[in-house]
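# Structural overview
Given next are the chains, with one letter for each unit.
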Protein chains: 2
Amino acid sequence: MNRDAAARDLLGLTAAALASPDLAGGVTPTLEKLVNDTAAVGSAYFQTDTRALTYSVRAATGAMPQTAGMQAVAAHGLPADTPLMRALERAQAPLFFDDTRRSPETQGFPELGVASVAAAPVRSADGRLLGAFLMHTFEPHVWQTQEATLFSVVCGTVAALAGRLAAEEEARAAREAALRALGLALEARDRETQGHTDRVTELAMRFARRLGWTAAACEPLRWGAYLHDIGKIAIPDAVLLKPGRLSPEEWTVMRSHVDAGVRFAQALNFLPAGAMALIQDHHERWDGGGYPRGLAGEQISSEGRLFALCDVYDALTSDRPYRSAWTHAQTAEELRRLSGVQFDPELVETFIALTETVAD
Amino acid sequence: MNRDAAARDLLGLTAAALASPDLAGGVTPTLEKLVNDTAAVGSAYFQTDTRALTYSVRAATGAMPQTAGMQAVAAHGLPADTPLMRALERAQAPLFFDDTRRSPETQGFPELGVASVAAAPVRSADGRLLGAFLMHTFEPHVWQTQEATLFSVVCGTVAALAGRLAAEEEARAAREAALRALGLALEARDRETQGHTDRVTELAMRFARRLGWTAAACEPLRWGAYLHDIGKIAIPDAVLLKPGRLSPEEWTVMRSHVDAGVRFAQALNFLPAGAMALIQDHHERWDGGGYPRGLAGEQISSEGRLFALCDVYDALTSDRPYRSAWTHAQTAEELRRLSGVQFDPELVETFIALTETVAD
């Protein structure tokens, strides 16, 4: 391979591995590279479970020995207390065993059908052994410097990918935790709102899927639905918890929950635009008579238009202190009456068909 | 270099780079490796600012040409609209220029004093050009396959590190955003509490530093202080906002803010143990007469004991509807009276000395 091809090849490999959204997808091409460019007939990546008792196969390529022992490893993983894994716990560099019959660390490997093996530790940023990269041959083989170099590069790439995925998982968990904590805070103020939030979030997700929204478009909708009433934390008890109907002045106060919600949501700087749009727009009306901005028609975000139907449907089909819950048929009639008035006329019939399947 | 040394060398390099807490610390050893193992006399890593108009030097090693042009690059970065950076925008692989006088992409480089250069794109997981790795010579040089391979490995490592750091930054931002949103929600319920939170968080940090707490120990304290009253979101307005003194029944309700706060904080699963301990313990007393658990002495977390002084100090030195703020001298006398009763006697004098320097 010439200079430019070699460089393109390696950088392409690491770039693809590093951009992968999951471990197996990032690791598999690097395993294939090992089998193609070294004497190894097969290669596998093992990663530990949280209790670190076993290292399970996360990705494998090439030929595995057809022995009962190897089938057990494939199914159940490599126990952490094998001599090889104990050696990797201590290792600061890859280990090369040209003949597994001659090293105490590879005890058990000849019986698996593995005659030579290279093994590298993959560690987390804080130095913990996360997993192991193995490549093997069926006949004894003296591993060469060039093979050792490639093996090291590949292990570095996997460690990098594992590190990035762990950090991304941490970010995802932090975002979910923030939403959960805000949800709990709202629930502590007003239990009824919370039951409503859970139902209406699920309904909005089903509606979006029925409308053919992609998973990527559904995610902002889910977050927006979950947070749509979060501004009610700021509404005084005298209004928020009033058992009867609200006076016009009290309605003015209640309506301020949209602006308060937008303020809280803006503090969550990781919220996608669609979620913000839903929080901002969920009380707008198709005819422009809604609040807080009085937007009309397609000025209203698609998230806001979709969600308005779910929100009103859930309110009408729930008991209130001053009236019983409406039936599906009564509610459907009301939604049709308000089609093109309060609601986007293109959405109403699909929504009614969707809710018919579970109601009445 | 023999096989094991070569492997150890490369894996050690990538492992060190990947574990680095910052970009320069991770990149510098890889730059040194390039200068040691290739014909390059110098190497540098450039990364773009958010507006992508300029790529600034983030790390550099080896010899740079002593030209005015190169000094300008070191000070101000490489503009994004130079031919080389435009070529890297499109490049899927490293680019090698054996003689900068002969390639349109290296226009301007001969004047900088750079006779040959290798340049590699560093991209984010979503493919955006994040930065560029450069290595150069003062005389024309035909870059060899082995040099190209090492260069590619090094660039992959930097891309991986940059990706992990970006994901970690995202996680950090999500955690801070969650705290900010909860803080805003509390502020919306009770403005007075918020002013108290800001003052008391700052006071607790100063106190901890005075006591010689490490930065690592101060971080949980800061988060706990910021959230210590978050459970007040759950307290009804009739109690939370009552202008006069609370009745015994109302005090029982008010005290429930500790349990509510612990509940919200548990939802923030990223909160460190010290922060949880502060929220749980900040109303415990040294003599066991506090709430909610009636812990005594060193059963109370050090965060709780430290913070209790700050919390009471701020309350006494602030105006209340039913009394004026106390002076520092009056407050110090009260804290001394309660030393070993409400407060850890080992902390009281240090705290009084700390607050003397800013009060009265």
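Here the structure is a predicted model, which means the values were calculated and not measured.

The rules behind the values
- Residues numbered from 1 in each chain as written.
- Chains lettered and ligands numbered in written order.
- Predicted model: local features only at pLDDT ≥ 70, side-chain atom pairs only at ≥ 80, totals over all residues.
- Heavy atoms only, no water.
- Helix = DSSP H or I, 4+ residues; strand = E, 2+ residues; numbered from the N terminus.
- Contact = heavy atoms within 4.5 Å.
- Areas by Shrake-Rupley, 256 points an atom, 1.4 Å probe, with all protein chains shown as cover.
- Lys, Arg positive; Asp, Glu negative; His and termini not counted.
- Charge placed at Lys NZ, Arg CZ, Asp CG, Glu CD.
- Core = buried A, V, L, I, M, F, W, Y, C linked by side-chain atoms within 4.5 Å.
- Buried < 20%, exposed > 50% of the residue type's maximum accessible area, 1.4 Å probe, protein only.
- Axes fitted to C-alpha atoms, helices over the stretch in contact; angles between N-to-C directions.
- Parallel < 35°, antiparallel > 145°, perpendicular 65-115°, else oblique.
- Left-handed = near helix turned anticlockwise from the far one by under 90°.
- Buried area = accessible area lost by both parts, 1.4 Å probe.
- Salt bridge = Lys/Arg side-chain N within 4 Å of Asp/Glu carboxyl O.
- Polar contact = N/O pair within 3.5 Å; in protein donor to acceptor, adjacent residues only side chain to side chain.
- Nonpolar A, V, L, I, M, F, W, Y, C, P; charged D, E, K, R; others polar.
- 1 Å grid on protein atoms, 1.4 Å probe; cavity = no way out; pocket = protein on both sides within 12 Å on 5 of 7 lines; lining within 4 Å.
- Points joined across faces, edges and corners; volume = space filled by probe spheres on them.
- Pairing = 2+ DSSP bridges.

Secondary structure assignment for chain A yields 15 helices and six strands. Summarising its shape, the C-alpha atoms of chain A cover approximately 90 × 40 × 40 Å along the three principal directions. Intrachain contacts of chain A at a sequence separation of at least 6 include 62% that bridge at least 24 residues. Working note: accessible area of chain A is about 15500 Å², and carbon and sulfur atoms make up 52% of it. Separation of charge centres in chain A, based on 34 positive and 45 negative side chains, amounts to 2 Å.

Residues Val27(A), Phe133(A), Phe151(A), Val27(B), Phe133(B) and Phe151(B) are the most contacted members of the largest nonpolar core, which totals 64 residues. Once you skip the residues sitting within four places of it in the chain, Phe151(B) turns out to touch Leu34(B), Pro94(B), Phe96(B), Ala118(B), Ala119(B), Ala120(B), Phe133(B) and Met135(B). Residues Ala178(A), Phe270(A), Ile230(B) and Leu271(B) belong to the second largest nonpolar core, which totals 44 residues.

To continue, consider the packing of helix α12 (residues 273-281) of chain B against helix α13 (residues 302-316) of chain B. Residue and element names in this part refer to chain B. Where α12 meets α13, the axes come as close as 8 Å, and the angle between the chain directions of the two elements is 55 degrees. Classified by the interaxial angle, the pair formed by α12 and α13 is oblique. Both α12 and α13 take part in a crossing whose hand is right-handed. Across the interface between the two elements, Gly274, Ala277, Leu278 and Asp281 of α12 pack against Glu303, Gly304 and Phe307 of α13.

In this section: the interface of chain A and chain B. At the junction of the two partners, chain A supplies 58 residues and chain B supplies 58 residues. Between chain A and chain B, roughly 4600 Å² of surface is buried when both sides are summed, and carbon and sulfur atoms account for 70% of that area. Our count for the chain A to chain B interface comes out at two salt bridges. Between Glu170(A) and Arg175(B) there is a salt bridge; the shortest N-O distance is 2.9 Å. Taken together, the connections running from chain A to chain B amount to five residue pairs in polar contact (both at pLDDT 80 or more). Only α1 (3-19), α6 (145-189) and α11 (257-267) of chain A provide two or more residues apiece to the side of chain A that touches chain B. It is α6(A) that provides the largest number of residues to the side of chain A that touches chain B, a total of 27 residues. By residue class, the composition of the side of chain A that touches chain B is 37 nonpolar, nine polar and twelve charged.

Looking now at unusual backbone geometry. Along the chain, Tyr291(A) connects to Pro292(A) via a cis peptide bond; the corresponding omega equals 5 degrees. Relative to the assigned elements, Pro292(A) resides in the loop between α12 (273-281) and α13 (302-316).

In the structure shown here, the tally under the stated rule is three cavities of 30 Å³ or more. For the largest cavity, the calculated volume is near 60 Å³. Forming the walls of the largest cavity are Thr14(A), Leu18(A), Val153(A), Gly156(A), Thr157(A), Ala160(A), Thr14(B), Leu18(B), Val153(B), Gly156(B), Thr157(B) and Ala160(B). In terms of residue class, the lining of the largest cavity is built from six nonpolar, six polar and no charged.

Turning to the sheet that holds strand β2 (residues 54-62) of chain B, a few remarks are in order. All names here are of chain B. An order of β3-β2-β1-β6-β5-β4 is seen for the six strands of this open sheet, with the pairing classed as antiparallel. Pairing within the sheet leaves two strands with one partner each, and these edge strands are β3 (78-79) and β4 (95-97). Of the pairings in the sheet, the one linking strand β5 (residues 116-123) to strand β6 (residues 129-137) comprises eight bridges and is antiparallel in character. The residue bridging alanine 118 from the neighbouring strand is methionine 135, located in β6. Where helix α3 (residues 68-76) meets the sheet, its contacts fall on β1 (42-48), β2 and β3, and the angle it forms with β2 comes to roughly 110 degrees.

Moving on to α12(B). All names here are of chain B. Across the nine residues of α12, seven count as buried, placing the element largely inside the fold. For α12, the set of buried residues is Gly274, Ala275, Met276, Leu278, Ile279, Gln280 and Asp281. Residues of α12 that are buried sit in contact with α8 (215-227), α11 (257-267) and α13.

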